[in-house]
Amino acid sequence: MSTRTLPLLFLNLGGEMLYILDQRLRAQSIPGEKARKVMNDIIATMFNKKFMEELFKPQELYSKKALRTVYDRLAHASIMRLNQASMDKLYDLMTMAFKYQVLLCPRPKDILLVTFNHLDAIKDFILDSPSILNQVDETFRQLIDTYGSLSDGEFQLIRQTLLIFFQDMHIRVSIFLKDKVQNSNGRFVLPTSGPVPWGTEVPGLIRIFNSKGDEIKRTEFVHGGNYLLPLREGSFDLYGDRVIKLGTNMYSISRPVETHMSGTAKNTASRIKENAAPNPLAKEELNFLARLMGGLEIKKPLGTEAGFRLNLFTTDEEEEYAALTRPEELSYQVVSIQADQDQERNEELSRIMEEFEVAEQPRQSTSKGADLLAMMDEL
Amino acid sequence: LPAKQLTHFATVHSGTVNMVSASADGLSLSHRQLQAKEGSLSVSTSFVTQAAWCVLPSRILLVLTSQKGIQMYEADGSIMVYWHALDASESSPGQAVFARGIAASGQRFVCVGTSLGHVLVFDIPGKGTNITLSEVLEEHQGAVTDIAAELREQPEGSIDLVTADDSGGLCAWRSGEEFQLVSKIPASGGSCSSVRLWNGVIVAGYGSGQIRLYEAASGTLRAEVAAHARWIYALDVAPLSGKLLSGAEDSFVAVWRLTCNPDTEGIEIRHCQTECVMDTQICGARFCDPEGRTFAVTGYDLSEIIRYAQL
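Predicted model only: the values in this text are computed from it and were never measured. (Residues numbered from 1 in each chain as written. Chains lettered and ligands numbered in written order. Predicted model: local features only at pLDDT ≥ 70, side-chain atom pairs only at ≥ 80, totals over all residues. Heavy atoms only, no water.)

Asker: So what exactly am I meant to see when it comes to the pattern of salt bridges here?
Answerer: Side-chain pairs of opposite charge can arise where the charged atoms are in close proximity. What the rule picks out here adds up to 26 salt bridges over all chains. Of the charged contacts in the structure, one is a salt bridge between Arg107 of chain A and Glu233 of chain A, with a shortest N-O distance of 3.0 Å. Of the two residues, Arg107 of chain A sits in the loop between helix 5 (84-104) and helix 6 (111-125) while Glu233 of chain A sits in the loop between strand 6 (226-228) and strand 7 (259-260), which places them 126 residues apart along the sequence. A salt bridge links Glu268 of chain B to Lys217 of chain A; the shortest N-O distance between them is 2.9 Å. On the criterion of chain membership, the pair formed by Glu268 of chain B in strand 20 (residues 266-276) and Lys217 of chain A in strand 5 (residues 215-220) is interchain, its members lying in two chains. Note on Glu268 of chain B: relative accessible area 31%, which makes it partly exposed. Residues joined by salt bridges that share partners form a network here, namely Arg68, Asp72 and Asp88 of chain A. (Salt bridge = Lys/Arg side-chain N within 4 Å of Asp/Glu carboxyl O. Helix = DSSP H or I, 4+ residues; strand = E, 2+ residues; numbered from the N terminus. Buried < 20%, exposed > 50% of the residue type's maximum accessible area, 1.4 Å probe, protein only.)

See the structure below:
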């Protein structure tokens, strides 16, 4: 649908990723200096100039799997390593959080405010690096340039494109369940109270005019919801109060990152279908990945620097258990195995995978879990 | 259940609008996948923007609009009789290309809107596949969002087609060998997402949650309703009773009654009832009979069609 959707999808999912990583880095008591380095490295890679140029070119969205590969690479842009189970969980959390934000955003245009909330928070993550800060501001300006003049209709098309992307994803997230914004079936709760979107009236009034255009009658009716007028509109400037809270950081030490995996029957069936269908886009998608990731310049970490492994679960045992019990149809790797069967695609894919390898850290330098790293390599 | 509902829809010659629905690309759409659109399954490269049955005096066609073009099927979806591809090169880079807005008009025309703001008028023969593009109406500034027509017996020369666009502009037309623009309502108050025509009254639903009634001939505003808290996705009119149905992203679906007194020129709208479809952003709502005694709704991420009946 809309060819202007990818930058918003990428930046918001990236923002959610950084929130989660930040929280896990603290929870795992990673030394401050290392944690700062990880955040700075990932943000610098994410907002790389060449990469942003590719991203902002008008294009269709690609599959969840293709996009995941990009985040997989991004998460490994520094000295931190994530194994398969943690990466799966990270991606589930990111996507469900952004799905919630897209679904709930009051006006289609507010999707831009959600993005600004993410970028505002990302700027706070950057420590002592004016050049990275500058990169983010540059993207800010690009967003304002690209999206500032779009009409409501065009924003609605972007929003619909995002909603189609997230359709049939019903993973339950404990933080949402606790806050009662998600039901146990994985669907989000839609409030029928609170402020109406900016520019909308509180429903309940009918005004009748005569043929000369004079108002001749007013009647009220009961709408069923309990709405108020919004206080003010959020700021679409580089700095300002965005007013809406969607897209801000919802994690803290006291609100840890957790997911409940749910493969409901419906969900499972549709996923299998998606995976089984021959994908005419597979090749195009690989080209896209190659092009996009060409822009992801990953600095080779120095061999002397000690890396570490981040766990999205509370304990290593939990992580291993999740890796073993994850329903196969929820695995994001299914398609790459299929792609292997195709000779032509295979070459392209292994070329991309080789690029991954280059980015890999020398193995002996990891302090822990070399075997888990090996698992990563086998992807 | 959806399949059963689909049959039901087919028999009453109504249709469903399913904005987030998806279906197969290009020419390879099968009957089974037509049902898949009801189940909102996103599996392929081209998204279907709208599907509707077009009822002409001589035949009924099922028309689908998508990013790639326009597909016309026999009413049961078994045979595709016509395919019109959209030319992507006409639009500027970055602009999405799609067709949206479907209506049968006059004795033998089907009108379809495009993202360029054009309205394509197709001439449909009584039978066979010899469908031709007879006219292109270029009056809209923004992408066409919806088209509505009125097929009742009416005096010669009255308005029987209305088209709406993204910027909120409306155009009222008189169908015929050459379509004539009768009135043009300038854009105001955001995107007009849905439009209907009843007894010479234009009913328009907006992204802002408003419903407005206009006199089609003059373009005069006759009523303004703060109807919903979110984007209105669907409007439908039951032609025999003048009931109006509206569905929006605020999870509410409302039934209204329109009255039109030709002597006093009074046009009124009254609220009848509201139903809340819990936690569902409604994206399609239709009456199932011309009286408006039953209606069906569906929503985003919902694999069901919910049917309401008046007891």
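Now that the structure has been shown, we can carry on.
Asker: Looking at this structure, how should I read helix 7 (residues 130-147) of chain A?
Answerer: The α-helix winds at 3.6 residues per turn, so residues separated by three or four positions along the chain end up facing the same way. All names here are of chain A. Across its 18 residues, helix 7 extends 25 Å between first and last C-alpha, which sits within 8% of the 26 Å expected from 1.5 Å per residue. Listed as buried for helix 7 are Ile132, Val136, Asp137, Thr139, Phe140, Leu143, Thr146 and Tyr147. If you follow the buried residues of helix 7, they end up packed against helix 1 (6-27), helix 2 (32-46), helix 3 (49-56), helix 6 and helix 8 (152-166). (Expected span 1.5 Å × (residues − 1). Contact = heavy atoms within 4.5 Å.)

Asker: Is there a simple way to explain unusual backbone geometry in this structure?
Answerer: The residue Ser29 of chain A is not glycine, and still its phi comes out positive at about 50 degrees. Relative to the helices and strands, Ser29 of chain A resides in the loop between helix 1 and helix 2. The residue Asn199 of chain B is not glycine, and still its phi comes out positive at about 50 degrees. Judged by relative accessible area, which is 31%, Asn199 of chain B ranks as partly exposed.

Asker: Is there a simple way to explain the nonpolar core in this structure?
Answerer: Buried together is how nonpolar side chains tend to be arranged in soluble globular proteins. Membership of the largest hydrophobic core comes to 90 residues, with the highest contact counts inside it found for Phe10 and Tyr71 of chain A. The element that contributes the greatest number of residues to this core is helix 5 of chain A, accounting for 13 residues. Setting aside anything within four residues of it in sequence, one finds Phe10 of chain A in contact with Met46, Phe51, Met52, Leu55, Val70, Tyr71 and Leu74 of chain A. Counting residues in each nonpolar core, the second largest holds 21 residues, with Phe221 of chain A together with Leu235, Ala254 and Leu258 of chain B among its members. (Core = buried A, V, L, I, M, F, W, Y, C linked by side-chain atoms within 4.5 Å.)

Asker: What exactly am I supposed to notice about the side chain of Thr161 of chain A here?
Answerer: Residues and elements named next belong to chain A. If you trace the backbone, Thr161 turns up in helix 8. Looking at Thr161, its side chain comes within polar contact range of the main-chain oxygen of Leu157, at 2.6 Å. Those residues in contact with Thr161, other than ones at most four positions away along the chain, are Met1, Ser2, Thr5 and Leu61. (Polar contact = N/O pair within 3.5 Å; in protein donor to acceptor, adjacent residues only side chain to side chain.)

Asker: Looking at this structure, how should I read the packing of aromatic side chains?
Answerer: Centre distance and the angle of the planes are the two values used to describe a pair of aromatic rings. All names here are of chain A. Tallying each qualifying case throughout the model produces 16 aromatic pairs over all chains. For the pair Tyr71 and Tyr91, a centre-to-centre distance of 6.2 Å together with 45 degrees between the ring planes defines the contact as tilted. With Tyr71 in helix 4 (residues 64-75) and Tyr91 in helix 5, this residue pair connects regions lying 20 residues apart in the sequence. One exposure class covers both Tyr71 and Tyr91, and it is buried. Here Phe98 and Phe166 contribute two aromatic rings whose centre-to-centre distance is 5.7 Å and whose plane-to-plane angle is 85 degrees, an arrangement assigned as edge-to-face. Taken together, the positions of Phe98 in helix 5 and Phe166 in helix 8 put the pair 68 residues apart, joining distant regions of the chain. (Phe/Tyr/Trp six-rings, centres within 6.5 Å; stacked < 30°, edge-to-face > 60°.)

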